[in-house]
Structure formats: C-alpha cells, structure tokens
Amino acid sequence: MTRKERFAQFIQHFATHQPEAETELYYENPFQLLVAVILSAQCTDKRVNATTPVLFKAFPTPQALANADVTEVFEYIRSISYPNNKAKHLVGMATLLLNEYNSEVPNKVEDLVKLPGVGRKTANVVVSVIFDKPAMAVDTHVFRVAARLGLTVRAQNPNQAEKQLVKFIPEQYIARAHHWLILHGRYVCVARNPKCNECAITSFCKMYQANAKKGLLI
DNA sequence: ATCCCGAGGG
DNA sequence: CCCTCTGGAT
C-alpha cells in the first residue's frame, strides 16, 4: 500500500466515523484556549481541565493574569506538570498580550511563538482551533500514531512529521486530522500497549501489518 | 518505570 | 543538539 493510499483510507475512515472530532480541552474564549494549551504540555487534558475553571475565574482576562503574582498563579496550577515554568510563562504571555497585542490572541503562528510558553505545537493548535487555519500541531500522540500508521516515514522530530503530514493531507482535512490522530492515540493507539484488538483501522496500519506478517499478532 | 496535546536555555 | 523543568496517573 502506498502512503497516498494510507492517507486516503485514513481520511475516509475518520471522516465517516468521527467527523465531529475536536479538542477535549475546556475553554470558552481564545484567551482561555491559549492558557489551556500552554498548561497541557506534558500533562493530560483531563488534569488541565481539572484546574482551569478555577484559574479562569481568578484570572479572566489577559490584564488580570498580567497583573498577577507568579507565586499566586503557581498555587492555582501546582498540580500540573512544570508549575514553576508555566506560572512564569502565563504571566509573561499575558503581559505581552496586554502590551503588544491589545489583549487579543494573535492569529499568526509567527506572532504566537513570540509569547512565553508558546512553541510551534501550541501556536499550531491555536491557529487551527480558534482561527480555522490548516495547521498541523504535532504532539506526542500525533507523532507516535502517524509513525505507526505509516503516514510519516522516518520522521525524527515533530517538525519533520508536520511537513510530511501537511504535504499529504488536503487543507480542508488538516485541522480534523490533527484531532483524529490525537483521539486515536489517546484511547486506542496508546503509547505502551496499543489496543490493536479494538482498533478499527488495522487494515491500513503499517505497524500492525508488519507485526502480523511477522506472526506477532492474531 | 513510563507517559501525558512541550518549551526554553545552554 | 543536548538538558532541565516536574505532578499525577497507570
């Protein structure tokens, strides 16, 4: 099976069975999504969602967060990974939003990555989810699942994976494909023991087919 | 012990 | 290109 065919089957399957895929992060406006995605680095969405409602209530606007004390923000996010760094990043991010962007979340990746705590992955999530742009954010799930399926080939880092995925996926599917890969990775194609016996797309999964050929599965 | 929607600094 | 940050779930 060629890679182009894998992509075609991948899109065909999820467009049919999971057309409504979207982020599981809780947010009610662009600012809240930006904060949530910054917090989500190396942390489960579930844990982020357990802390953000209280955080958003305490700091509802970029101005409120910019004027906050870092140690106070830390207390709200202490149960999330890297709370020290993230508290610092959140206050710095809000300060830059307030001073340079009129308290509004910028809509370009090149501007977003200037914000403290915002790297390429976070910026891609924001422009994709908020501004509906065809950007592919490559996180741990996307990187792993795309490699297993054979949608990426020998990608050694997220940037290489992103280039390959964007190249093969039609623009109108990129934002959804991002969430398809994430959700599949979170619930089926998990890191440690992928649930291949529950997986609906083994017929075009490169890893599954390779393992089956070796007699390792089923 | 490993993983979770990574980013920044050296 | 490393390294560090660093809590909770499995």
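What counts and how
- Residues numbered from 1 in each chain as written.
- Chains lettered and ligands numbered in written order.
- Predicted model: local features only at pLDDT ≥ 70, side-chain atom pairs only at ≥ 80, totals over all residues.
- Heavy atoms only, no water.
- Axes fitted to C-alpha atoms, helices over the stretch in contact; angles between N-to-C directions.
- Helix = DSSP H or I, 4+ residues; strand = E, 2+ residues; numbered from the N terminus.
- Parallel < 35°, antiparallel > 145°, perpendicular 65-115°, else oblique.
- Left-handed = near helix turned anticlockwise from the far one by under 90°.
- Contact = heavy atoms within 4.5 Å.
- Near = heavy atom within 4 Å.
- Polar contact = N/O pair within 3.5 Å; in protein donor to acceptor, adjacent residues only side chain to side chain.
- Nonpolar A, V, L, I, M, F, W, Y, C, P; charged D, E, K, R; others polar.
- Domains from an automatic or database assignment.
- Buried area = accessible area lost by both parts, 1.4 Å probe.
- Salt bridge = Lys/Arg side-chain N within 4 Å of Asp/Glu carboxyl O.
- Buried < 20%, exposed > 50% of the residue type's maximum accessible area, 1.4 Å probe, protein only.

**Observations regarding the packing of helix H2 (residues 30-39) against helix H6 (residues 83-100)**
Helix-helix packing: each pair is described by the crossing angle between the helix axes and the interaxial distance.
Here's step 1: Axis separation between H2 and H6 bottoms out at 10 Å; the angle between their running directions is 150°. As the angle between them shows, H2 and H6 are arranged roughly antiparallel. Crossing handedness for the pair H2 and H6: right-handed. Across the interface between the two elements, Phe31, Leu34, Val35, Ile38 and Leu39 of H2 pack against Lys86, Leu90, Met93 and Leu97 of H6.

**Comments concerning the protein's contact with DNA strand C**
Here's step 1: Around DNA strand C, a shell composed of Gln42, Arg47, Arg78, Ser79, Ile80, Ser81, Tyr82, Pro83, Asn84, Asn85 and Arg192 is seen.
Here's step 2: In DNA strand C, the atoms that sit within 4 Å of the protein are 54% sugar and phosphate, with bases accounting for the remainder.
Here's step 3: For DNA strand C, a phosphate oxygen lies 3.4 Å from a polar atom in the side chain of Arg47.
Here's step 4: One nitrogen or oxygen atom from the side chain of Asn85 is found 3.5 Å from a base oxygen belonging to DNA strand C.
Here's step 5: The element contributing the most residues to the surface near DNA strand C is H6, with three residues.

**Digging into the packing of helix H1 (residues 3-17) against helix H11 (residues 171-187)**
Here's step 1: Between H1 and H11, the shortest axis-to-axis distance is 11 Å and the interhelical angle comes to 80°. On the basis of their axis angle, the class for H1 and H11 is roughly perpendicular. On the side of H1, the interface is formed by Phe10, Ile11, Phe14 and Ala15, while H11 contributes Tyr173, Ala177, Trp180, Leu181 and His184.
Here's step 2: Per-class residue counts for the contact of H1 with H11 are eight nonpolar, one polar and no charged.

**Some points on the domain arrangement of chain A**
Here's step 1: As assigned here, chain A comprises domain 1 (3-21 + 136-213) and domain 2 (30-129).
Here's step 2: Domain 1 and domain 2 are separated by 28 Å when their C-alpha centres are compared.
Here's step 3: Opposite the ten residues of domain 1 that make contact, domain 2 presents seven residues.
Here's step 4: Buried area between domain 1 and domain 2, summed over both chains or domains, comes out near 600 Å², and the portion from carbon and sulfur atoms is 51%.
Here's step 5: The largest contributions to the domain 1 side of the interface with domain 2 come from Ala137, Glu162 and Arg186, which together make up 47% of the buried area.

**What about the pattern of salt bridges?**
Here's step 1: Per the counting criterion, the structure on display carries five salt bridges.
Here's step 2: Salt-bridge contacts for Asp45 lead to Arg186; the nearest nitrogen and oxygen are separated by 3.2 Å. Of this pair, Asp45 sits in helix H3 (residues 45-58) while Arg186 is found in helix H11, placing the two residues 141 residues apart along the sequence.
Here's step 3: The salt bridge partner of Glu75 is Arg78, with a shortest N-O separation of 3.0 Å.
Here's step 4: In this structure Arg78 comes out as partly exposed when scored by relative accessible area, which is 48%.
Here's step 5: Overlapping salt bridges bring together Glu24, Asp45 and Arg186 as one network.

**Quick word on the protein's contact with DNA strand B**
Here's step 1: In the vicinity of DNA strand B there are 29 residues, among which Thr23, Gly117, Thr122, His141 and Arg144 approach most closely.
Here's step 2: At the protein interface, 67% of the atoms of DNA strand B within 4 Å belong to sugar or phosphate.
Here's step 3: Taking Thr23, its side chain carries an N or O atom lying 2.7 Å from a base nitrogen of DNA strand B.
Here's step 4: Arg144 has a polar side-chain atom sitting 2.6 Å from a phosphate oxygen of DNA strand B.
Here's step 5: Broken down by secondary-structure element, the contributors of at least two residues to the surface near DNA strand B are helix H8 (120-129), helix H9 (140-149) and H11.
Here's step 6: Grouping the amino acids of the surface near DNA strand B by side-chain chemistry returns nine nonpolar, twelve polar and eight charged.

**Here we look at the environment of Ala66**
Here's step 1: Assignment of secondary structure puts Ala66 in helix H4 (residues 62-66).
Here's step 2: Taking relative accessible area as the criterion, Ala66 reaches 14% and is therefore assigned buried.
Here's step 3: Aside from chain neighbours lying at most four places away, what touches Ala66 is Val91, Ala94, Thr95 and Leu98.

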